[in-house]
Amino acid sequence: TWANAIGSLQLPLYALLYSRSSGVKLDSIMPAYIHLGLNEIAELPMAESVDNLAEKYAALGRVILSLLNEITDASKPFLPAADPEKSCPRCPFNYICGTQNL
């Protein structure tokens, strides 16, 4: 259910990795998506302000570590996406689980 509650973990994961590899303090990194439109460029930061950034990183860090532990735990069965018709058609790994024909 984490995907519905959180959405993408791409930005916080990149921030965590950059912080650990560069030594830059995590709470000084504000990742953002850049949307390129026809008439404008919009920057959408991960958080509304730096005030709650440390809280967000702490929570998202726990989720990321939990997911990595789940992925690497051979005793946990692989489960398909909750909504394969929505999630699987654009997935580049759908040949692994056999959903490439959805």
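Anything mentioned here points back to the structure above.
Let me begin by describing the structure that accompanies this report. Because the structure is predicted, anything quoted here is derived from the model rather than measured.

1. Topic: the overall build of the protein chain
When its secondary structure is counted, the protein chain shows five helices and two strands. The order of helices and strands in the protein chain, counted from the N terminus, is α-α-β-β-α-α-α. Taking all 102 residues of the protein chain together, the buried fraction comes to 19%. In the protein chain, once contacts between residues fewer than 6 apart in sequence are set aside, the share between residues at least 24 apart is 31%.

2. Notes on helix α2 (residues 10–22)
One turn of an α-helix holds 3.6 residues; hence residues three or four places apart share an orientation. Taking 1.5 Å of rise per residue, 13 residues should cover 18 Å, and α2 covers 18 Å from first to last C-alpha, within 8% of that figure. Where α2 is concerned, the buried positions are Leu11, Pro12, Ala15, Leu16 and Ser19. In an axial view of α2, the angular spread of the buried residues amounts to 135°, which keeps them on one side of the axis. Opposite its buried face, α2 presents the exposed residues Leu17, Arg20 and Ser21, each directed more than 90 degrees away. The elements touched by buried residues of α2 are β1 (32–36) and α3 (53–72). Following α2 by one or two positions, glycine 23 has its phi on the positive side, about 85°.

Parameters and conventions
- Residues numbered from 1 in each chain as written.
- Predicted model: local features only at pLDDT ≥ 70, side-chain atom pairs only at ≥ 80, totals over all residues.
- Heavy atoms only, no water.
- Helix = DSSP H or I, 4+ residues; strand = E, 2+ residues; numbered from the N terminus.
- Buried < 20%, exposed > 50% of the residue type's maximum accessible area, 1.4 Å probe, protein only.
- Contact = heavy atoms within 4.5 Å.
- Expected span 1.5 Å × (residues − 1).
- Arc of directions from axis to C-beta.

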